[in-house]
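Results of the structural survey
Chain by chain, the residues run as shown.
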Amino acid sequence: MWQDVHAAGSMNLAGFRILDCTEECGYLAGKLLAELGAEVIKVEPPQGDPGRYQPPFIGDSPDPELSVPWLALNTSKFSVTLDLADGKDRSTFLRLVGTADAVLETAGNGARLGPLAHGIDDAELRKANPRIIVCRLSPFGTTGPYAHRRGSDLTVLALGGNLYPTGNPDRAPVRCSLPVTHFHGGIELATATVFALWGRLQTGLAETVDVSQQECLTMPNMTAPLQYPFTGFTGKRVGGGFRGAKAFFRELWPCKDGWISFALRGGPARNPGIQALVAYIRECGMAAPALERDWQNYNHNTISQHEVDAIQDALAAFFQTKTMEELFRVACERNLLLAPAFSAREIVASRQLAARGFFLDVEDPGRQLVLRYPGYFAQTSLGPACVRRPAPRIGEHNDLFLSSLSAPLHET
Amino acid sequence: MAQPLFANLRILEFGGGAAGPLATRYFADHGATVVRVESRVRPDFIRLLRHVPGDPAGLDGSHMFAMVNVNKLGIALDMSHPRAGEVAARLVDWCDVLAENFAPGTLAKWGLEYTTLAARKPSLIMVSTCLNGQTGPDRHYPGFGGQGSALAGFNHLTGWPDREPLGPYGTITDSLSPRFVALLIASALLHRQRTGQGQYIDLSQVEAGIVCLSENILNFTARGQVLERCGNRSRVAAPHGVFRCAPESTDDDRWIALAVHDDHDWHTLRAVMGDPRWAKDPRFDTMAGRLAHVDELERHIESWTVNFRARELADRLVHAGIDAAVVWNFAELLVDPQLNWRQHFREVEHPVIGRHLCETNALRFSHFSETDFRPAPRLGEHTEYVCRELLSMSAQEYQNLAEAGVFR
């Protein structure tokens, strides 16, 4: 059962009101801010945010209240509906801006939802509220040669440098099937908002923050592009393996019910793990001649491909006899650098996550559902930064937030 | 121009690798004083990553370390020395925020657990980040980002359906968690400003990654469906993929990313392709039709893209209003006009490795800008400065500690 155990009032961002006018790529930002205690109001067009129409749906028939991608990243928010193209709603929106600390929107070519897409610029927002912070997320930033260029997860990844090195050498570069640019950019947008709130406290200045998804996507390459002038490494894909001085090593292995990653990387920090795995294989009765060698002095730069192949054949045969969970248990108990490529099924069954109370059953009376979510993104001594309420239904909180706005705050 | 955003903020950092140090960079780039505690006795493992084995530059020659740790100060402190605690206690008194990413329990072993520190200094903000979090039966699992990415579900979802799961290049939990930590530290500062109260933050890199992939979880818990990796395809758009282009000199690894989001895009693409006969097939007229015949569609698209150089083709498509891009390799990324317009890459002069690039974050403020970039500290480079200037030690005091062998 969902309970607001840790009242938002005690959390970091209690007392801040944020208007969330983002499209799909920015949903995560408002969710994180709300779960840190802010009051986040999703401002949607009267028919609902277009993202509500994205499949798949719970129950499989298209229903804007049951879109899985939308429900996933809009928890803990409130929802009001306003048609920013309509004069009356527009002035209601500006009065709502008058009560808020920050406006979040997605910008750039193709953005349809936010104030900017409706001709409401910073000057007009600040006329409604001189202290309002404006945070914009766009594929490439709102100025510069790509400012008016279209971008989506796939093309931002391509121009952020994280697509080229991902994948198998004999195939096209490949993305994650869920949009990682939205995650990187969404967290960065939330960070932008909190940084700007801090700045306003220091100086009284209301910021406009411009966040570029493309810029977010270079850091995930872990400095490899920055090292290009020294290494000449352009990011060629290696697939599930790595190259030593004399041989190519496998890094991903099929097991009984999925895949695990493990590599014969040497070095003083890694050799004990290889030894522990070999000991375990022996205990399981699958000792093989190729596995009996001087592992203490093993070095992946001196071993020949022929030897590597023999060792890897023995490992492959062993891994096929075990499940991901069995191998992960051994990894935890014996300090092996071995990790299963968990799907949602194994993640939901994780004993570590259960022990930490990570999953939360969120009761959603409006939809007559109880949905099991990843419950929090961090634990703090004030309480977890956790899901506080179900994702709102379209305009669910119009009465709560809009009825009190009938008297204009800044009538001219 | 206002003073830097975090002009008066003081951060003390323990740990290593990239995930921890990249988090404090958000503050260092905006004027915070970040002091990194390190030791020759147990060096940060990325100081050991060098291109030339046996490099005479020793622990100061790592490019990755230099690139990740710009704008910070470094103190050498051997935490296993009996007198290290005196210095550590003064560092904790000095700082606003203590950030660490060691294995769980490491700081407690040195007497630096939050409860002890908070009793003396209730305003302390302390953040610990590791793979599985500070509690739970698997907290000591010894993984890096590559393992975190696999456990959080990214690997299962990245790659081709008929091939092994790969994970986005660069171990994605190492790049998501610094953003989370920066967000958490900044929000804790707001809370402290209001209440005077500090806090402890425990960020599990696996958990934070799973939250990003909430859709993956909800598909299973609410629909019983296990999401599978599907290459570059989309549920709602076709064509949506990466297609081979013509080789350029000796490079045959040239690709264009191309996404058709609606029927209007499709008609535009058809026009750019010169309306070939295959594209007039009525099965391709609607998104539903293109999705249903996506194998065939993709073959046709690639038979067209392969005739052109990636850059020329991207220019044509972008000009026509299509969502398309060359898949930049690392060399091209460094000269991307938009990234350079935004001054994303900065050059610094490192005393050992020379001039090198580093990158900043993706935030551009109207009133605040990043400070001038300074190279990463050599191991122990600022030990004396930190002790004398920041901790106000007397010359004698510093000398005594140095002679006792604390600063190693």
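Residues numbered from 1 in each chain as written. Chains lettered and ligands numbered in written order. Predicted model: local features only at pLDDT ≥ 70, side-chain atom pairs only at ≥ 80, totals over all residues. Heavy atoms only, no water.

Turning our attention to the sheet that holds strand 9 (residues 252-254) of chain A. Two pairing modes exist for strands in a sheet, parallel and antiparallel, and in both the strands are linked by backbone hydrogen bonds. All names here are of chain A. Spatial strand order, 9-10-11: three strands in an open sheet with antiparallel pairing. Across the chains shown, the open sheet's two edge strands, defined by having one partner strand only, are strand 9 and strand 11 (339-340). By the bridge criterion, two bridges tie strand 10 (residues 259-261) to strand 11 in an arrangement that is antiparallel. When the sheet's bridge partners are listed, Ile 260 is paired in strand 11 with Pro 340. (Pairing = 2+ DSSP bridges. Helix = DSSP H or I, 4+ residues; strand = E, 2+ residues; numbered from the N terminus.)

A few words on the interface of chain B and chain A. By a widespread convention, an interface's size corresponds to the accessible area lost as its parts come together. At the junction of the two partners, chain B supplies 147 residues and chain A supplies 144 residues. Taking both partners together, chain B and chain A bury about 12800 Å²; carbon and sulfur atoms supply 65% of that area. It is Tyr 169, Arg 179 and Phe 330 of chain B in chain B that bury the most area against chain A; as a group they hold 6% of the surface buried on that side. Along the contact surface separating chain B from chain A lie 14 salt bridges. For Asp 138 of chain B, the salt bridge is made with Arg 351 of chain A, and the minimal N-O distance between the two is 2.7 Å. At the boundary of chain B with chain A, the tally comes to 63 residue pairs in polar contact (both at pLDDT 80 or more). Counting residues per element, the side of chain B that touches chain A draws most heavily on helix 7 (residues 173-195) of chain B, which supplies 17 residues. The residue inventory of the side of chain B that touches chain A, partitioned by class, reads 79 nonpolar, 43 polar and 25 charged. Of the strand pairs in this sheet, strand 6 (residues 208-212) of chain A and strand 12 (residues 363-365) of chain B are connected by three bridges, and their pairing is antiparallel. Its bridge partner lying in strand 12 of chain B, Asp 210 of chain A is registered against Arg 364 of chain B. (Contact = heavy atoms within 4.5 Å. Buried area = accessible area lost by both parts, 1.4 Å probe. Salt bridge = Lys/Arg side-chain N within 4 Å of Asp/Glu carboxyl O. Polar contact = N/O pair within 3.5 Å; in protein donor to acceptor, adjacent residues only side chain to side chain. Nonpolar A, V, L, I, M, F, W, Y, C, P; charged D, E, K, R; others polar.)

What the domain assignment lists for chain A is domain 1 (8-221 + 351-402) and domain 2 (259-340). The C-alpha-based centres of domain 1 of chain A and domain 2 of chain A are spaced at 43 Å. (Domains from an automatic or database assignment.)

To continue, consider the packing of helix 5 (residues 153-160) of chain A against helix 6 (residues 180-203) of chain A. All names here are of chain A. One way to put it is that helix 5 packs onto helix 6 with a least axis distance of 8 Å and a crossing angle of 75°. By the angle class used here, helix 5 and helix 6 are roughly perpendicular. Across the interface between the two elements, Asp 153, Val 156 and Leu 157 of helix 5 pack against Val 180, Thr 181 and His 182 of helix 6. Its residues assigned to classes, the contact of helix 5 with helix 6 comprises three nonpolar, two polar and one charged. (Axes fitted to C-alpha atoms, helices over the stretch in contact; angles between N-to-C directions. Parallel < 35°, antiparallel > 145°, perpendicular 65-115°, else oblique.)

Our next topic: the confidence of the model for chain A. Taken over all residues, the pLDDT of chain A has a mean of 94, while the share at 70 or more is 96%. Scored below 50 in pLDDT, residues 1-5 of chain A shows 10 contacts in the model against residues more than four places distant or in partner chains. (pLDDT = per-residue confidence, 0-100.)

With that out of the way, let us pick up the packing of aromatic side chains. Given two aromatic rings, their pairing is described by the distance between the two centres and the angle made by the two planes. In this structure the tally under the stated criterion is 31 aromatic pairs over all chains. Ring centres of Phe 6 of chain B and Phe 27 of chain B lie 4.8 Å apart, and the angle between their planes is 65°; on these two criteria the pair is classed as edge-to-face. One end of the pair, Phe 6 of chain B, is in the segment before strand 1 (10-14); the other, Phe 27 of chain B, is in helix 1 (residues 19-28), and 21 residues separate them in sequence. For Phe 27 of chain B, a relative accessible area of 0% gives the class buried. With a centroid separation of 5.9 Å and 55° between ring planes, the pair formed by Tyr 169 of chain B and Phe 330 of chain B is classed as tilted. Here Phe 330 of chain B lies in helix 14 (residues 330-333) and Tyr 169 of chain B lies in the loop between helix 6 (145-152) and helix 7, a separation of 161 residues in the sequence. We classify Tyr 169 of chain B as partly exposed; its relative accessible area is 24%. Here the aromatic cluster, defined as three or more aromatic residues joined through ring pairs, consists of Phe 195 and Trp 198 of chain A together with Phe 6, Tyr 26 and Phe 27 of chain B. Geometry around Tyr 146 of chain A places Arg 149 of chain A over its ring, the cationic atom sitting 4.7 Å from the centre. (Phe/Tyr/Trp six-rings, centres within 6.5 Å; stacked < 30°, edge-to-face > 60°. Buried < 20%, exposed > 50% of the residue type's maximum accessible area, 1.4 Å probe, protein only. Lys NZ or Arg CZ within 6 Å of the ring centre and 35° of its normal.)

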